[in-house]
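Letter by letter, the chains look like this.
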Amino acid sequence: MLIIVGFLIVILSVLGGYVGAHGKLGALWQPYELVIIGGAALGAFLVGTPMKTVKQTLSSSISVFKGPRYKQQDYLDVLSLLYELLNKARREGFMALEDHVERPADSAIFANYPKVQADHHLVDFMTDCLRLMIGSNIEPHELEPLLEMELEKHHAEAMQPAAALNKVSDGLPGFGIVAAVLGIVITMGSIGGAIEEVGAHVAGALVGTFLGILLAYGFVSPLAAAVEARAEQDSRIYESVKTALLACLRGYNPKIALEFARKTLPSNVRPGFSEFEAHLKTVK
């Protein structure tokens, strides 16, 4: 909602100021300028971006209007799931988790948290780490760089849509100049005609520069920033999983390990200590 409000403020401020200065809105209606700028930007985007990133960029651009992917309840569910798994491992040994880790889709523990169970990337990250803890005598200092590497890879992939949008934003003012130059070419062809006609062509050419800059700095660049911020926030849940599992591997009991994980959560979704303590008492 905040993104939509921001875009509306941009539009109303620019057009309101223009109209307030006695500008005519009709002069800004240059659809062919938009075709040149938008089409060239889209074509350049497709040329310089892998298809996987193109799809990811479209998906991420739509998703930012829905808000963060993970809400406070989702963080609680992930921490509760880890608490159940680590408690079982503490009571029965890590080998007791083998069936749950190898087949999370059929796991009774994972089934208690259907939204987490449906998040294949998160479940894969969690189960891959647990496999190493089950099947080897890996030390925390050996596991930590492996998890860091995985998180860096995930973070880099999550940031690709924002980087692609920033490149489009960087190119839009240039395409606005292209549209303006083509408008001047048309203007030169009309010299000798009525002064009103020449003036209209010059105005149309200048609108091309205006649109390129406005689209870049008023819409695409802020959208890229929103996509980047959302990706950054969504990655925190992986950090909390890593922290909990490493704390467990270092010998802390499940409650303390989950407290380490709770501390990594963003303040706006982090449950309070007493609230979290009470919640864990309801978990098996």
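Look a little higher up for the structure.
These notes cover the structure that comes with them. (Residues numbered from 1 in each chain as written. Predicted model: local features only at pLDDT ≥ 70, side-chain atom pairs only at ≥ 80, totals over all residues. Heavy atoms only, no water.)

### Overview of the overall build of the protein
Here is step 1 of the chain: Secondary structure assignment for the protein yields 13 helices and zero strands.
Here is step 2 of the chain: Traced from its N-terminal end to its C-terminal end, the protein shows the element sequence α-α-α-α-α-α-α-α-α-α-α-α-α.
Here is step 3 of the chain: A compact globule built from 284 residues would reach a C-alpha radius of gyration of about 19 Å, whereas the protein, at 27 Å, exceeds it by more than 25%.
Here is step 4 of the chain: Burial status across the protein gives 40% buried among its 284 residues.
Here is step 5 of the chain: By sequence separation, contacts in the protein at least 24 residues apart represent 75% of the contacts at least 6 residues apart. (Helix = DSSP H or I, 4+ residues; strand = E, 2+ residues; numbered from the N terminus. Rg over C-alpha atoms; globule rule 2.2 N^0.38 Å. Buried < 20%, exposed > 50% of the residue type's maximum accessible area, 1.4 Å probe, protein only. Contact = heavy atoms within 4.5 Å.)

### Here we look at the side chain of Ser 61
Here is step 1 of the chain: As for its placement among the helices and strands, Ser 61 is situated in helix α3 (residues 51-63).
Here is step 2 of the chain: Residue classification places Ser 61 among the buried positions, given a relative accessible area of 15%.
Here is step 3 of the chain: The residues touching Ser 61, leaving out its near neighbours within four places in the chain, are Leu 165, Leu 223 and Val 227.

### What about unusual backbone geometry?
Here is step 1 of the chain: Even without being glycine, His 22 reaches a positive phi, approximately 70°.
Here is step 2 of the chain: By the element assignment, His 22 lies in the loop between α1 (2-20) and α2 (31-48).
Here is step 3 of the chain: The class of His 22 is exposed, set by a relative accessible area of 74%.

### Side note on helix α11 (residues 236-249)
Here is step 1 of the chain: Here α11 is 14 residues long and its end C-alpha atoms lie 20 Å apart, about the 20 Å a rise of 1.5 Å per residue gives.
Here is step 2 of the chain: For α11, a buried count of eleven out of 14 residues is recorded, marking the element as mostly surrounded by other parts of the structure.
Here is step 3 of the chain: Here α11 has its buried residues at Ile 237, Tyr 238, Ser 240, Val 241, Lys 242, Thr 243, Ala 244, Leu 245, Leu 246, Ala 247 and Cys 248.
Here is step 4 of the chain: Contacts from the buried residues of α11 go to α4 (72-92), α8 (120-135), α9 (140-190), α10 (195-234) and α12 (254-263).
Here is step 5 of the chain: Following α11 by one or two positions, Gly 251 adopts a phi angle in the positive range, close to 105°. (Expected span 1.5 Å × (residues − 1).)

### Considerations on the pattern of salt bridges
Here is step 1 of the chain: Scanning the model with the defined rule gives 14 salt bridges in all.
Here is step 2 of the chain: The shortest N-O distance in the salt bridge between Asp 99 and Arg 103 comes to 3.1 Å.
Here is step 3 of the chain: A single salt-bridge network, built from bridges that share partners, covers Glu 102, Asp 128 and Arg 131. (Salt bridge = Lys/Arg side-chain N within 4 Å of Asp/Glu carboxyl O.)

### Regarding the packing of α4 against α11
Here is step 1 of the chain: Close contact between α4 and α11 brings their axes to 11 Å; oriented N to C, the two are set at 20°. The pairing of α4 with α11 is recorded here as roughly parallel in orientation. In this structure, α4 meets α11 at a crossing whose hand is right-handed. Across the interface between the two elements, Asp 74, Tyr 75, Val 78, Leu 82 and Leu 86 of α4 pack against Arg 236, Ile 237, Val 241, Ala 244, Leu 245 and Cys 248 of α11.
Here is step 2 of the chain: Here the contact of α4 with α11 is composed, by residue class, of nine nonpolar, no polar and two charged. (Axes fitted to C-alpha atoms, helices over the stretch in contact; angles between N-to-C directions. Parallel < 35°, antiparallel > 145°, perpendicular 65-115°, else oblique. Left-handed = near helix turned anticlockwise from the far one by under 90°. Nonpolar A, V, L, I, M, F, W, Y, C, P; charged D, E, K, R; others polar.)

### So, the nonpolar core
Here is step 1 of the chain: Core analysis: the biggest nonpolar cluster contains 45 residues, and Leu 82 and Met 126 have the highest contact counts within it.
Here is step 2 of the chain: At the level of elements, α4, α6 (108-111), α8, α9, α11, α12 and α13 (273-281) are the ones that each hand at least two residues to this core.
Here is step 3 of the chain: Considering each element in turn, this core owes the most residues, ten residues, to α4.
Here is step 4 of the chain: What Met 126 contacts, discounting residues up to four positions off in sequence, is Val 78, Leu 81, Leu 82, Leu 85, Phe 110, Val 241 and Leu 245.
Here is step 5 of the chain: Among the nonpolar cores identified, the runner-up in size contains 22 residues, and Phe 7, Leu 28, Ala 179 and Ala 216 belong to it. (Core = buried A, V, L, I, M, F, W, Y, C linked by side-chain atoms within 4.5 Å.)

### What to know about the packing of aromatic side chains
Aromatic ring pairs: the centre-centre distance and the angle between the two ring planes describe each pair.
Here is step 1 of the chain: Applying the stated rule across the entire model yields four aromatic pairs.
Here is step 2 of the chain: With a centroid separation of 5.0 Å and an interplanar angle of 55°, the aromatic rings of Tyr 252 and Phe 260 are classed as tilted.
Here is step 3 of the chain: Exposure remark for Tyr 252: the relative accessible area of 39% places this residue in the partly exposed category. (Phe/Tyr/Trp six-rings, centres within 6.5 Å; stacked < 30°, edge-to-face > 60°.)

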